[in-house]
Amino acid sequence: VFLVAGVGMSFLASPWVMCIMSTVMLGIMVSGTINVDKNSGWLKLSAVLPVSRRKAVSSKYLLFLLLSAAGMAVGSLISLAVTAVTGNWDMENILVFLLLAPVMALLPGSVIIPCVYILGEEKSYLGLILSYPAAAAVFVALVLLLPNLYLAASIAIALGVLCFGASWIFFGKYLAKRDIG
């Protein structure tokens, strides 16, 4: 379904929208793994294993990064194929989507993972729903405020790295002190 919808959108908008869509879709899968861990009792069982809670949380952040990177790679390959068919090699358009993809992974990722752990499955959807438009708004605001696309994108990516890293570090410390539910 994702592939069909993405390829269809690629012909209507820019083929490079697939780069962002696949980055987001694969990154979101981490919230599902956290919910499965909670529902199956794995979080409680893993508390007695010789792996700290902090490392368990770190594994989710790392999985998020790996899945988002895989999504960006797959989306880029699909976008490249569609662009080759359509012949629309608008490099600025391509670069905007390639630069937006990491922002759309890192900023929301810094919110989604803590939300799923703290709020639970249903309530965490609010964080998920709000984090993606907020990340896009940050990117658009920087592009509109700054004279150079690459400067705006660099700042947005740096902000994403900073937020994701801070979330990873501080949430890992927070959860290590909290009871697992």
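For the structure itself, consult the block above.
Our subject in this report is the structure included herewith.

Each value, and the rule that gives it
- One numbering rule holds for all chains: residues counted from 1, following each sequence as written.
- Whole-chain, interface and lining totals are the exception, using all residues; otherwise, since this is a predicted model, local features are given only for residues with pLDDT of at least 70 and side-chain atom pairs are given and counted only at 80 or more.
- For side-chain calculations, the full set of non-hydrogen atoms in the structure is used, while hydrogens and water are omitted.
- By definition, a salt bridge exists where a carboxyl oxygen of Asp or Glu is found within 4 Å of a side-chain nitrogen of Lys or Arg.
- Numbering goes from the N terminus for both helices and strands, where a helix is a DSSP run of H or I of at least four residues and a strand is a run of E of at least two.
- Categorising residues by exposure relies on relative accessible area from a 1.4 Å probe, with only protein chains included: less than 20% of the type maximum marks a residue as buried, more than 50% marks it as exposed, and the intermediate range marks it as partly exposed.
- Nonpolar core, defined: a set of buried Ala, Val, Leu, Ile, Met, Phe, Trp, Tyr and Cys residues in which side-chain atoms within 4.5 Å join the residues together.
- The contact criterion used is simple: two residues touch if any of their non-hydrogen atoms lie within 4.5 Å.
- Here the aromatic set is Phe, Tyr and Trp, taking the six-membered ring for Trp, and pairing holds for ring centres within 6.5 Å; pairs whose planes are under 30 degrees apart are stacked, those over 60 apart are edge-to-face, and all others are tilted.

## Digging into the pattern of salt bridges
This model, assessed by the stated rule, comprises one salt bridge. A salt bridge links K60 to D37, with the nearest nitrogen and oxygen atoms 2.9 Å apart. A residue pair is termed long-range when its members are at least 10 positions apart, and K60 in helix α4 (residues 53-86) and D37 in helix α2 (residues 17-40) qualify at 23 residues. The same class applies to K60 as to D37, namely buried.

## What about the nonpolar core?
A general feature of soluble globular proteins is that nonpolar side chains tend to end up buried together. Core analysis: the largest hydrophobic core is formed by 37 residues, its most contacted members being I20, M104, I113 and Y117. Every element with two or more residues in this core is listed here: α2, α4, α5 (91-145) and α6 (149-176). Look past the residues within four positions of I113 in its chain and what remains in contact with it is V30, I34, K60, Y61 and F64.

## Concerning the packing of aromatic side chains
The relative placement of two aromatic rings is captured by the distance of their centres and the angle of their planes. This model, assessed by the stated rule, comprises six aromatic pairs. Between the aromatic rings of Y61 and W168, the centroid separation amounts to 5.5 Å while the plane-to-plane angle is 10 degrees, which identifies the pairing as stacked. With Y61 in helix α4 and W168 in helix α6, the pair connects residues that are 107 residues apart, well separated along the chain. A residue is classified by how much of its surface remains accessible, and W168, at 25% relative accessible area, is partly exposed. Each ring, one from F171 and one from Y174, has its centre 5.9 Å from the other, and the planes form 35 degrees; the classification is tilted. Taken together, the positions of F171 and Y174, both in helix α6 and three residues apart, correspond to about one turn of that helix. Site record: aromatic cluster; members linked through ring pairs are Y61, F64, F164 and W168.

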